Amino acid sequence: MAGPDWNRTGWEWESPDYEPTLPVSEKSNPLTRDIDRASASSIVKMLQACDAQMFQEEAGRSCQRLLSDQVVTTMMEVAKRAELILKDPEDSLVVLSGCGTSGRLAFLLASGFNKELRKVNQSPIYAYIIAGGDRALFSSREAPEDDPQLGVLSLQKVCEGKKRVLFVGISCGFSAPFVAGQLDFCLQHPDVYTPVLIGFNPAHQARDEHMPGCSFTFYSVVQRMQEFATSQKAFVINPVVGPEAISGSSRMKGGSATKILLEVILSAAHAATFSHTAITYKGILQHMRVYETTANKTYAQTEAITALVEAAGQSLRSGRSVCYLGWGSLALLALIDASECHPTFGAAYKDVRGFISGGYRELNNNEGALTLLGPEFGISHEDFLHSFLPSLNEQDTVLLIYTHSDDVSEVLKLARRVREKTPNLHAVYHQSDGDIAASLQDDINKLCPSTLKITWSTPASGCLLHMQWELSTKLVLNAVSTGAYVLKGKIYQNHMIDMQVTNSKLYRRAKRLLQKLSGCPEPRCEEALLKAVYQMDKLPKDITSSDVTTHTGAATNRTQVVPLALVCLLTGCSLTEAKSHLKQQPIIREAVAVIMDMA
Ligand code: F6P
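Values in this document were obtained by computation on a predicted structure and should not be read as measured data.

1. Focus: the overall build of the chain
Okay, step 1: Helix and strand counts for the chain stand at 24 helices and twelve strands.
Okay, step 2: With respect to the three principal axes, the spread of C-alpha positions in the chain is 70 × 60 × 60 Å.
Okay, step 3: Buried residues in the chain amount to 59% of all 599 residues.
Okay, step 4: For the chain, restricting intrachain contacts to residue pairs at least 6 apart in sequence, the fraction spanning at least 24 positions comes to 76%.

2. Points about the sheet that holds strand 2 (residues 126-130)
Okay, step 1: Ordered by their spatial adjacency, five strands build an open sheet running 2-1-3-4-5, and the pairing between neighbours is parallel. Strands at the two margins of the open sheet, each flanked by one partner only, are strand 2 and strand 5 (235-237). Neighbouring strand axes in the sheet, compared pairwise and without regard to direction, differ in orientation by 20° on average.
Okay, step 2: Packed onto the sheet, helix 5 (residues 148-158) meets strand 1 (92-98), strand 2, strand 3 (164-170) and strand 4 (193-198) and runs at close to 160° relative to strand 2.
Okay, step 3: Its contacts with the sheet place helix 7 (residues 218-229) against strand 4 and strand 5, and it is angled at close to 120° to strand 4.

3. So, the packing of aromatic side chains
Okay, step 1: Within this structure, the stated rule accounts for eleven aromatic pairs.
Okay, step 2: Aromatic pair Phe138 and Tyr360: ring centres 6.0 Å apart, planes at 75°, arrangement edge-to-face. One end of the pair, Phe138, is in helix 4 (residues 135-138); the other, Tyr360, is in helix 13 (residues 359-363), with 222 residues separating them in the sequence. Considered together, Phe138 and Tyr360 belong to a single accessibility category, that of buried residues.
Okay, step 3: Taken together, the aromatic side chains of Trp327, Tyr402 and Tyr429 make up a single cluster linked through ring pairs.

4. A look at the UniProt feature "domain: SIS" (unreviewed entry) in the chain
Okay, step 1: Mapped onto this numbering, the UniProt entry gives "domain: SIS" (unreviewed entry) at residues 81-275 and 312-490.
Okay, step 2: Across residues 81-275 one finds 45% helix and 14% strand; the C-alpha atoms that close the span lie 17 Å apart.

5. Digging into the environment of Leu261
Okay, step 1: With respect to the element layout, Leu261 can be found in helix 8 (residues 253-274).
Okay, step 2: In this structure Leu261 comes out as buried when scored by relative accessible area, which is 0%.
Okay, step 3: Between the alpha carbons of Leu261 and Val192 there is a distance of 24 Å; along the sequence they are 69 residues apart.
Okay, step 4: Ignoring sequence-local partners within four residues, the contact set of Leu261 consists of Leu66, Val71, Met75, Ile198, Phe200, Ile237, Pro239 and Met288.

6. Notes on the sheet that holds strand 10 (residues 450-456)
Okay, step 1: Spatially, five strands are ordered 7-6-8-9-10 in an open sheet, and the strand pairing comes out parallel. In the strand order of this sheet, the two ends are held by strand 7 (352-356) and strand 10, each with one partner. With strand direction ignored, the average angle separating the axes of adjacent strands in the sheet is 15°.
Okay, step 2: Bridge count for strand 9 (residues 425-432) against strand 10 is seven bridges, and the pairing is parallel. Across the sheet, the residue bridging to Val428 is Leu452, located in strand 10.
Okay, step 3: Packing against the sheet, helix 11 (residues 328-339) makes contact with strand 6 (322-326), strand 7, strand 8 (397-403) and strand 9, and its axis sits at approximately 155° to strand 7.

7. Describing the layout of surface pockets
Okay, step 1: By volume, the largest pocket is sized at about 900 Å³.
Okay, step 2: What lines the largest pocket is a set of 43 residues, and nearest its centre among them are Glu26, Glu145, Ser175, Lys505 and Arg509.
Okay, step 3: For the lining of the largest pocket, the secondary-structure elements that each account for two or more residues are helix 3 (101-119), helix 12 (341-345) and helix 18 (504-518).
Okay, step 4: Among the elements that make up the lining of the largest pocket, the one with the highest residue count is helix 18 (five residues).
Okay, step 5: Residues of the lining of the largest pocket, tallied by class, amount to 14 nonpolar, 15 polar and 14 charged.

8. Structural notes on the site of the ligand
Okay, step 1: Not every one of the 15 residues close to the ligand is listed here, only the nearest: Ser102, Ser171, Cys172, Gly173 and Lys505.
Okay, step 2: Ser102 places a side-chain nitrogen or oxygen 2.7 Å from an oxygen atom of the ligand.
Okay, step 3: Contact between the ligand and Lys505: an oxygen atom at 2.8 Å from a side-chain N or O atom of the residue.
Okay, step 4: Using a 2 Å cut-off from the grid points, one finds that the ligand occupies the largest pocket.
Okay, step 5: Broken down by class, the residue content of the shell around the ligand amounts to four nonpolar, eight polar and three charged.

About the cut-offs
- Residues numbered from 1 in each chain as written.
- Predicted model: local features only at pLDDT ≥ 70, side-chain atom pairs only at ≥ 80, totals over all residues.
- Heavy atoms only, no water.
- Helix = DSSP H or I, 4+ residues; strand = E, 2+ residues; numbered from the N terminus.
- Buried < 20%, exposed > 50% of the residue type's maximum accessible area, 1.4 Å probe, protein only.
- Contact = heavy atoms within 4.5 Å.
- Pairing = 2+ DSSP bridges.
- Axes fitted to C-alpha atoms, helices over the stretch in contact; angles between N-to-C directions.
- Phe/Tyr/Trp six-rings, centres within 6.5 Å; stacked < 30°, edge-to-face > 60°.
- UniProt positions renumbered as here; feature names shortened; annotations may be inferred.
- 1 Å grid on protein atoms, 1.4 Å probe; cavity = no way out; pocket = protein on both sides within 12 Å on 5 of 7 lines; lining within 4 Å.
- Points joined across faces, edges and corners; volume = space filled by probe spheres on them.
- Nonpolar A, V, L, I, M, F, W, Y, C, P; charged D, E, K, R; others polar.
- Near = heavy atom within 4 Å.
- Polar contact = N/O pair within 3.5 Å; in protein donor to acceptor, adjacent residues only side chain to side chain.
- Sits in = over half its atoms within 2 Å of the grid points.

Structural data, given as structure tokens:
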């Protein structure tokens, strides 16, 4: 039998020789190697091809995929556990937990399924945990991700008094110590907790790095989870979805696949409990296929998505903003997309902003309104009208994000207000067959130079339609923000180069990137990184002997750390000279390219 053809476009990352020291979630995707030099329409096509990898079938002896037998079977088993809790909810809880995007999606999913319960007059049983608390829903807080004890404390707090807990820990890269701590705690208390782990690396690629004061690693926890899984006391769901389009940016495919897996599992449990529809292999597989169709239908709108990427890219290049004005859960996806730009691209919070109709009232998050924490926490349309609209001009891009089931007259009203300030107004609009508020939509179309309209056929359940809208919106917005930052020159090849270095995972990623781009040995790269972090050309001993946590703490609020370190490494110049170089050439991709040519 012929061996796998690793060279088929997009598959070479599966070869054992391709970036062998990196887990899949950190590898660079061969499909996007040249994304930094691509046009808006090529960027969208590359993202489409990357997303399509999520649904590729398992080939030969490769890793399990989203639609693999083992994955579908484990999903059925977890759905049955959730069904038990839904049928007998007394003193029980389903907890979804994660860091960054994984925690934000935990919030989205817990809120969505609690709403479904309310519709059938049941009390909520879903809770979410996000490392760093609710402020991490809308701003980047990477440091708590490193703290396993904090993970345990927040789990204990949420589960106080509960006798049965289905705990779902999400870590796309099998890496977050916060989640590892929670899983470890669950494994120690099997009488109450059944832990489920969701991530997108093969088990042997889990992170095997000790955090200070902690006896286990993510890897050792995964091993114990697998042992417990043989007697169904724990479950591991870890299909591989291929490397991210921008290396390590797990908000993209990792986030989408998390949403797909949990929605399929929990929808099956709800249908079994409330509509007496048995949980079957076929049913799970069919639901997964609906998401594949959703992705295809979304990317069939390549031209419209390209128009949005171009507009957003133009705004960011001129130093102006991209603003998402949304309704309902689609607006939450917009808030999530906007909040990820800071850690991913070193963005200022004003670059990409999200606003939701109804603000915190609509979100119903654990800690309530966070408006007092600062301007970036003003997320309602009123906040937009007061703080954003007055300074809006034609270089800013505004996206209206809604469905036919939202108050379209309110969309029109807001569109008119925006239009007084800028013609650069666009609509992302979902409708289903037969439900078209035609005249209002016509009026909105007249105000927008481009409208991305997707018409969905009505499925049996309204809930499923909503989930399709959400995934579709996530894909569009991820493409808009990623594409816009690529066009702004924030990506080198397919690496985020102007990234934050605010936790141990990001610190190691930064070091690896410096090694790859400079060709210098690790100690020199680390030294350059620390010089940029501490803003010193000579490092005193107390700094070089400090641990990673100290370094990542010092990196908070620092900007351009990795680009500065790279310029210093390639040219041997001082930090001051590197800063002035980057000031003259703020497009990181160009700055790096020029220096690489010089080196
Ligand atoms: O450290 C920041 C970050 O990489 C976010 O971008 C990401 O959403 C989060 O960590 C969680 O990563 P994971 O799901 O792999 O634990």
